[in-house]
Amino acid sequence: MEYIIIFIAAVFVNNIVLAQFLGVCPFLGVSKKVDTAAGMSAAVMFVLTIATIVTYLIQKNILEPFGLGFMQTISYILVIAALVQMVEIVLKKVSPALYQALGVFLPLITTNCCILGVAILVIQKDFNLLESVVYAISTAIGFALALIIFAGIREQLAMTRVPESMKGTPIALITAGLLAMAFMGFSGIV
């Protein structure tokens with residue numbers, strides 16, 4: 001039951017993008033097409049899950065036992081950067097079209113505060129390894145859900161008449177705000 005609560009809370013109630021405002025850069029930057037948003041979501045899901053496992057193990061087996069807690073952020077960033085490089089190499093070989101579509105946003109996963117935030121949050125919440133993995137996967141699903149819904153809305157907005165002063169970023173930010181308010185409706189669940 002505890003894992004179900006973690007899942008529901010991470011996906012709907014405390015959505016990493018819409019409630020905690022982490023990972024907003026790729027949320028706004030890659031959300032113009034659903035295909036690109038889905039590809040970015042898959043990349044974030046992979047990196048987020050693996051990074052959480054590796055950083056958890058580093059925290060519990062190296063940083064805490066040797067009193068190196070002050071090295072947490074820098075060591076986490078190094079792990080995340082290495083994982084993103086790995087994803088970039090694999091995507092370049094497996095799916096060149098997706099690699100080109102993601103463009104500059106793929107290296108930006110390295111600085112995606114969503115990934116670093118989750119790695120730090122699992123330590124702050126004192127989760128064990130299994131709870132950390134469930135939280136990471138759930139957070140990635142919540143990120144993907146928000147990103148893909150937002151991309152679908154933005155595709156529809158591209159085909160509608162929007163006042164000239166609202167085109168582009170202004171209507172995107174208003175839409176993101178409305179989407180965040182819609183997700184607030186889940187706040188009473190957990």
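Use the structure listed above.
Residues numbered from 1 in each chain as written. Predicted model: local features only at pLDDT ≥ 70, side-chain atom pairs only at ≥ 80, totals over all residues. Heavy atoms only, no water.

Focus: the pattern of salt bridges
Next up, step 1: Taken as a whole and assessed by the stated rule, the structure comprises 2 salt bridges.
Next up, step 2: For Glu 64, the salt bridge is made with Lys 60, and the minimal N-O distance between the two is 3.5 Å.
Next up, step 3: Classification of Lys 60 by relative accessible area gives partly exposed; the value is 26%.
Next up, step 4: Here Glu 164 ties to Lys 167 by a salt bridge, and the two come within 3.5 Å at their closest N and O atoms.
Next up, step 5: Of the residues examined, Glu 164 reaches a relative accessible area of 64% and is grouped as exposed. (Salt bridge = Lys/Arg side-chain N within 4 Å of Asp/Glu carboxyl O. Buried < 20%, exposed > 50% of the residue type's maximum accessible area, 1.4 Å probe, protein only.)

Let's talk about the nonpolar core
Next up, step 1: Ranked by size, the top nonpolar core spans 51 residues in total, and within it Leu 18, Phe 27, Leu 106, Ile 109 and Tyr 135 carry the most contacts.
Next up, step 2: Considering every element that reaches this core, the biggest residue donor is helix 3 (residues 34-63), with 10 residues.
Next up, step 3: For Ile 109, the contacting residues outside a window of four places in its chain are Met 40, Ala 43, Val 44, Val 47, Ile 80, Val 84 and Ile 115. (Core = buried A, V, L, I, M, F, W, Y, C linked by side-chain atoms within 4.5 Å. Helix = DSSP H or I, 4+ residues; strand = E, 2+ residues; numbered from the N terminus. Contact = heavy atoms within 4.5 Å.)

Examining the packing of helix 1 (residues 2-13) against helix 7 (residues 129-158)
Next up, step 1: It is the contact of helix 1 with helix 7, at a shortest axis distance of 7 Å, that shows an interaxial angle of 30°. Considered as vectors, helix 1 and helix 7 are oriented roughly parallel to each other. As helix 1 packs across helix 7, the resulting crossing turns out to be right-handed. Contacts between helix 1 and helix 7 pair Glu 2, Tyr 3, Ile 6, Phe 7, Ala 10, Val 11 and Phe 12 from the former with Leu 130, Glu 131, Val 134, Tyr 135, Ser 138, Thr 139, Ile 141, Gly 142 and Leu 145 from the latter.
Next up, step 2: Of the residues that constitute the contact of helix 1 with helix 7, the class distribution is 11 nonpolar, 3 polar and 2 charged. (Axes fitted to C-alpha atoms, helices over the stretch in contact; angles between N-to-C directions. Parallel < 35°, antiparallel > 145°, perpendicular 65-115°, else oblique. Left-handed = near helix turned anticlockwise from the far one by under 90°. Nonpolar A, V, L, I, M, F, W, Y, C, P; charged D, E, K, R; others polar.)

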